[in-house]
Amino acid sequence: MAWSKPHLGIARSAVLRYGLAVLSVSVAFGGALLIERFHLRNITLFLCAIAVVAWYGGTGAAVLALLLSCMGFAYFFVEPSHTLYISRSAIPYFILFVLFTSLVTRFSAVRRRVERELLQSRHELEASNKELEAFAYSVSHDLRAPVRHMVGFTELLQRSNASLLNDKSQRYVTVILESAKRMGNLIDDLLAFSKISRVEQQKTLVNLDQVVKEVLSEVRQETNGRDIVWRIEPLPVCYGDRSMLRLALVNLISNAVKFTRTRAQAEIEIGFTDQKHDQVVVFIRDNGVGFDMKYVNKLFGVFQRLHPPEEFEGTGIGLATVQRIVHRHGGRVWAEGLVDRGATFYFSLSKSQGD
Amino acid sequence: MERILMVEDDPKDVELTLTALDEYNLANEVVVTRDGEEALNYLYCRGNFTGRSNGNPAVLLLDLKLPKVDGLEVLKQIKSDEQMRMIPVVVLTSSHEERDMVASYKLGVNAYVVKPVDFHEFVNAIRQLGMFWAIINEPPPGSVKKRV
């Protein structure tokens, strides 16, 4: 990674910094001498010059500007004029100069420290993101291979020695196969899940209605022979990453289809409500097996499942994926449900680029 | 004379692939190299392969994650060599990583196949690959000829 030297809003070359000090004070002088013609004495110009130098030039340059200002001020503007002699009555001016300079220098130092810390944590973040990506990359290459071998050789065993295996052994072989396949699915789902945070989002205006139609034609292929009543409201255009929003909707809609499987007639409703500030809340409601609200916090966790696998299959990553996608869009996702009385999933999205 | 050059470091993957190809009697058409360097040595008839009979393979099955010289490097070298660039190269990899796929296509790969976890799908994929590239496809001039 290219660690470019952080630019903290401060001139890097010493010539530039001290030049800035001399230049600013000179300009202040010019201004002050000009004003003096009208018999006004104004130290604000000097203070401005010092402030500019302290802010952009750092402490050293600020001290130089302070010295120059004090000397010039003493020479031109303090009685007796044209000497560096300072009368007692003029001392408060110099105290003001010094205090002001130290104040601005302090502020500027704090600002630079905060900037430096921010920059450093950004670098750290980038580094850990890179690490995460490398990790996911090797997971996707190296973890799938052993699973494939387990499945492959178990199938070969089953095929070549089927007659030698008694019922019990056959069952063991089946269990090995199922477990290995499940492992494969888990790895794939986890990779897809981690991809959501790794991949750059490409946000555009997305016609949610169109996306839902696509998702439905995909999901419907797997619902042959089931009696499902779809109630679908035309959805608005929202702002977001199309493929991610599609993935979120695929998860939510196939969940609705999955958890209504035990119903003689499934009812699935998709709709939305408009909210303040260009926000819209989309909901997917079903009359499926629902869930107990006391577990609602577990619903969106990775690998969290509220149903035994023999009842409803799945890896427990779907809703975690949905949540991560919605969060990356700056939205909120939540659910309401009752055991055996269906569930409703809501998520909020922005309709325009807005914030 | 073998017509399929397979570059694969994992012996279990080699065995599974050969088993799959065996059903079309294609297994004895395969020469296996275990890393990118060996594959390039084979293609350029050098190192252990100095004395091999001439002719390019009709297809190269290339894994991406390999010891020494990795798959993308092999692909790059082949596709930038006048003599070799016509050899059809099929990337056969474990991963769905998009950047591997994009990099491979940019280098001019002829096909990109992700090894399925499911064995039936794996066998089918390998068989179809073997069938297509070693039997159906007409290889470029300079390739090893089909046995009659």
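Residues numbered from 1 in each chain as written. Chains lettered and ligands numbered in written order. Predicted model: local features only at pLDDT ≥ 70, side-chain atom pairs only at ≥ 80, totals over all residues.

So, about the nonpolar core. I4(B), V7(B), L60(B), L61(B), L62(B) and V89(B) are the most contacted members of the largest nonpolar core, which totals 42 residues. When residues in this core are grouped by element, the largest group, seven residues, is from helix α5 (residues 119-136) of chain B. Apart from residues lying up to four places away in sequence, I4(B) is in contact with L26(B), E29(B), V30(B), P57(B), A58(B), V59(B), L61(B), G130(B) and A134(B). Judged by nonpolar contacts, the second largest core, of 40 residues, contains L245(A), F272(A), I325(A) and V326(A). (Core = buried A, V, L, I, M, F, W, Y, C linked by C-beta atoms within 7 Å. Buried ≥ 20, exposed ≤ 12 C-beta atoms within 10 Å, placed from the backbone. Helix = DSSP H or I, 4+ residues; strand = E, 2+ residues; numbered from the N terminus. Contact = placed C-beta atoms within 7 Å.)

Mean pLDDT for chain B: 86, with 97% of residues reaching 70 or above. On the interface metric, ipTM, the complex scores 0.78, and its pTM is 0.63. (pLDDT = per-residue confidence, 0-100.)

Residue and element names in this part refer to chain B. The five strands are arranged β2-β1-β3-β4-β5 in an open sheet whose pairing can be described as parallel. Each edge of the open sheet is held by one strand with a lone partner, namely β2 (30-33) and β5 (111-114). Within this sheet the neighbouring strands show an average axis-to-axis angle of 20°, counted without direction. Alignment of strand β1 (residues 4-7) against strand β3 (residues 59-62), held across four bridges, turns out to be parallel. Paired with M6 across the strands is L61, a residue of β3. (Pairing = 2+ DSSP bridges. Axes fitted to C-alpha atoms, helices over the stretch in contact; angles between N-to-C directions.)

The subject of this paragraph is the interface of chain B and chain A. Note on interface size: it is often stated as the accessible area lost on association of the parts. With 15 residues of chain B at the contact, the number on the chain A side is 14 residues. Elements with a contribution of two residues or more to the side of chain B that touches chain A: α1 (11-22) and α5 of chain B. At four residues, the largest contribution of residues to the side of chain B that touches chain A is made by α1(B). Split into classes, the residues belonging to the side of chain B that touches chain A amount to four nonpolar, four polar and seven charged. (Nonpolar A, V, L, I, M, F, W, Y, C, P; charged D, E, K, R; others polar.)

A few words on the pairing of β2(B). Residue and element names in this part refer to chain B. Alignment of β1 against β2, held across four bridges, turns out to be parallel. Along β2, the bridge assignment pairs M6 with V32. Considered for its hand, the β-α-β crossover made up of β1, α1 and β2 is right-handed. (Right-handed = clockwise from strand over helix to strand, strands pointing away.)

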